[in-house]
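Secondary and tertiary structure notes
Given next are the chains, with one letter for each unit.
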Amino acid sequence: MKKMIVRPILSAVATASALFAMQAQAQSVPQSAAEGTRHWFVELAGPPVADGTSLATVMAEKAAFRREAAAAGVRFTERRQFNTLFNGFSVAVDPANRLKLARTKGVKALYPVEVVARPAVVDSGDSAPDLVAALSLTGADIAQNQLGLSGKGVKVGIIDTGIDIDHPAFGGSGTPGTTAFPNARVIAGYDLVGDNYNSSGTGDQLVPVPDAIPDDCGGHGTHVAGIVGANGGGVKGVAPQASLGMYRVFGCVGTTDSDVILDALERAYADGMQVINQSLGSGRQWPQYPTAQASSRLVNKGVVMVASIGNNGPGGSSPDALYAAGAPGVGSKVIGVASFDNAQKSFTVGGTPYGYNTATGAPLPPSSGSLPMAKTGTTTTADDACVALPAGSLAGQAVLIRRGTCSFFIKASNVMNAGAAAAVLYNNAAGALNPTVAGTPAITIPVVAITAEQGAVLNGLIAAGPTTLTWGSEYVAYPFGTGGLISGFSSFGLSAELQLKPNIGAPGGGILSTYPLELGGTATLSGTSMSSPHVAGSVALILEAKPTIPAQAMGDRLQNVADPKNWSGNAALGLLDHSFRQGAGMLDIVGVITATATVSPSQISTGESAAGAYQQTVTVRNLALSPASYDIGHVAGVASGPNTQTGASYALSGVFDAPATVTLSKTTLNIGALGSASFNVTIAANAALPDRSLYGGYITLTPKGAGTKMSVPYAGFKGDYQATQVLTPTANGFPWLAKLSGSSFTNQPAGASYTLANGDIPYFLMHLDHMSREIKIEAFDAVSGKAWNKVSDDEYVTRSATPGGFFAYTWDGVTFRGSSGNPGQVKDVPNGQYVVKVSVLKALGDANNASHWETWTSPVITIARP
């Protein structure tokens, strides 16, 4: 038997502050810290119109719900109603009435309306590669220039911040306010919210003011639209003749709500969009979340759905770890897109190019000229260039500086004041470096950043003798920089149901595209927001070339020929990156169009290893008129340890070289013309990998001679998934029975009395460390133990965003039998003493298996109505 090898290649270290926080428990927490909402989706029992129900039936069901709710005295305000892709409403409701709403006859489920932040992007500086460099990474340049494709005749909908209709890249006049809408390029759209809207704002900001013209005052939507289909103003997108539909869901600043996004999806469908891009989302969601449900239904109706997977990777502005994929990208039929870094501008030393990122706050490097190099430390110096240097000591030189201890601004200032002509910062950890040197007084020399590996090479060259840096204008990718490797901000999967997410990746790190004319006309941004439109535009090219590919199969075709890339943490090791972070790999447009074979399934989700080795039959279909032969193989990707449970944000507890054992029934596959053949794959997790880790890799199909190189990504969970603890205590010792006093929740460990009047109701504060299939709360007599049935029953519950986050559940003194939407024996419990039992069914858990549930029983609750 082959020996199991587990090689730790990255470990997480607890910080002192995290350890300190564990030493004492708080007795009160601010109400504002609770994760939750006053707005809810109400899903009714019947299927929506898209699933075959008549509109009359759906409307009648809504009318019946309103009558039931009125009879039950439920107080709520309708925000929006949905008929086609989701049968229900979004409503504003307080915590007590939310419980009544859930008990109303006809309600299938409630889901929180998530606040959706303006997609987090990073301004990558003005020297980032133009869009041409990104197009070359996916083959879009070849599809345009050699295959003659432009996306003409394909309708692409974009749900975002709108578009600058006057921009010449979209057929505009180039003068603000002078272009008619719609026009030849932007053929449809709508502004659902207006300029002033901000769902996290106050007063009038909370009131949408729709408009017929989806004009963009934020810039994000114009940037996304340019990647999809710009054709003018110095920018050419992926599908420069695609027809665009623009649906604005953000105001000029701030956030939106997910019910607005669902409304936009229904509009885009009504307008006949063939492809819809959503460069937005709410993280850590189930595929059952309404925007994900609706997006998957659109695929069933023939629309290709593409969505960003999220910017919550370790290098993102709101870092997270495993299971961070957001809705709608996590939808079962949605193409969820990861981000790879774009190609980088480079300098050369000794004939070798070094791709770099430009530091924000410094002048742009030139495209020509040479400088002698110097260094101020070594590869082990912790505080390189952190103290003032002698004046003139670095005159006219490009100075190599290691990251660490002090700010980038201080380092750049010190070498600048010593006469340096440029600074080259290098990382002290694996991965790309994106520094800012903004400060006072301003930095006046170019400052660029490279990887730790590149810095070590230059350090050795400088130590060995005279070394010259030559500026250039060439763009490079790995191994000469981080271009083509996964972006630090790109989110990890899997989904809550252990399905492989993301599905594929595309360039999203450092993308120059269109921007509103009033804001400069072009800008360079980074995010999965930028990678998703690369895929949406590519689908337009593919549909132009292969219009018979159905929406259901488009994601499979993209995955078949994608190119897995090396681990961004240390690409030189030669290990492939996490399949649950890069999906099938980098998008390959030409590969899809010229493919002579397909492989099914296009991805394998092995589930939990406690169930035993996973077996899968893989079928290859030959599309060619001649026989084909393939070598079958396996390449592992890096594995990750489980999420950490302390600190300000979740992190990976480790990264491992821990290949799964993969057994193939065949190593060669011979297929006749237009025929098909199959083989079996058995995948077993590495037994030495820590429990609750995620692992993955790729089944490879390499043609012998002519044919299409293909691969199938797989991913799975090591151990018993239902052993994952959900109700972790955190430093606060949750769960709590709590009182709301003013603006704070106060812990009541000895029990408490509640009048159920004027907001004096019991609260139950819980940290949810993982997604839950169901959270059921029941009431019992504290003395006799008599069951008073259910308080609430929620399904497909998200997890906390941070290791210290919490949710607040309530009880209004009412219990019921049955399900939330079909309650029986609804009762107001009499005054007395009770306890509640919180029962959490783990993700993918069996409700009949007691070990798949977690429980907590509250202190005594005294109901004392006046």
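Refer to the structure above for everything that follows.
The structure reproduced in this document is the subject of the present report.

So, how was this worked out
- Residues numbered from 1 in each chain as written.
- Predicted model: local features only at pLDDT ≥ 70, side-chain atom pairs only at ≥ 80, totals over all residues.
- Heavy atoms only, no water.
- Axes fitted to C-alpha atoms, helices over the stretch in contact; angles between N-to-C directions.
- Helix = DSSP H or I, 4+ residues; strand = E, 2+ residues; numbered from the N terminus.
- Parallel < 35°, antiparallel > 145°, perpendicular 65-115°, else oblique.
- Left-handed = near helix turned anticlockwise from the far one by under 90°.
- Contact = heavy atoms within 4.5 Å.
- Nonpolar A, V, L, I, M, F, W, Y, C, P; charged D, E, K, R; others polar.
- Disulfide = S-S within 2.5 Å.
- Buried < 20%, exposed > 50% of the residue type's maximum accessible area, 1.4 Å probe, protein only.
- Pairing = 2+ DSSP bridges.
- Salt bridge = Lys/Arg side-chain N within 4 Å of Asp/Glu carboxyl O.

A few words on the packing of helix H7 (residues 258-270) against helix H8 (residues 290-300). Two elements in contact, H7 and H8, have axes separated by 9 Å at closest approach and are oriented at 10 degrees. Between H7 and H8, the angle is such that the two are roughly parallel. Remark: the crossing between H7 and H8 carries left-handed chirality. Here Ser258, Ile261, Leu262, Leu265 and Tyr269 of H7 come into contact with H8, specifically with Pro290, Thr291, Ala294, Ser295 and Leu298. For the contact of H7 with H8, the per-class residue count stands at seven nonpolar, three polar and no charged.

Enumeration over the complete set of coordinates arrives at two disulfides. A sulfur-sulfur separation of 1.9 Å characterises the disulfide bridge that pairs Cys217 with Cys252. Negative torsions about the S-S bond denote left-handed disulfides, and the value of about -100 degrees found for Cys217 with Cys252 makes this one left-handed. One end of the pair, Cys217, is in the loop between strand S11 (186-191) and helix H6 (220-229); the other, Cys252, is in the loop between strand S14 (243-248) and strand S15 (256-257), and 35 residues separate them in sequence. Among the residues examined, Cys217 registers a relative accessible area of 30% and is labelled partly exposed.

Taking strand neighbours across the sheet as the criterion, the seven strands line up as S11-S14-S10-S16-S17-S18-S27 in an open arrangement whose pairing is parallel. Taken across any chain shown, the strands that pair with only one partner, and hence form the sheet edges, are S11 and strand S27 (504-509). Geometrically, the sheet is characterised by an average inter-axis angle of 25 degrees between neighbouring strands, direction not taken into account. Pairing between strand S16 (residues 275-278) and strand S17 (residues 304-308): four bridges, direction parallel.

This structure, assessed with the given rule, holds 18 salt bridges. Residue Arg66 is joined to Glu78 by a salt bridge in which the shortest nitrogen-to-oxygen separation is 2.6 Å. Of the two residues, Arg66 is situated in helix H2 (residues 55-71) and Glu78 in strand S5 (residues 77-82); the sequence distance between them amounts to twelve residues. Between Arg79 and Asp259 there is a salt bridge, with its nearest N and O atoms 2.8 Å apart. Of this pair, Arg79 sits in strand S5 while Asp259 sits in helix H7, placing them 180 residues apart in sequence.

In this section: unusual backbone geometry. Of note, the amide linkage connecting Tyr478 to Pro479 takes the cis form, showing an omega dihedral of 20 degrees. Here the amide bond leading from Lys501 into Pro502 is cis, since omega sits at -5 degrees, within 30 degrees of zero. Within the secondary structure, Pro502 is located in the loop between strand S26 (468-476) and S27. Phi is positive for Tyr323, close to 65 degrees, though the residue is something other than glycine. Counting through the fold element by element, Tyr323 comes out in the loop between S17 and strand S18 (335-341). Its relative accessible area of 6% is what places Tyr323 among the buried residues. A positive phi angle, near 70 degrees, is found at Thr405, a position not held by glycine. With respect to the helices, strands and loops of the structure, Thr405 is situated in the loop between strand S23 (398-402) and helix H9 (408-417).

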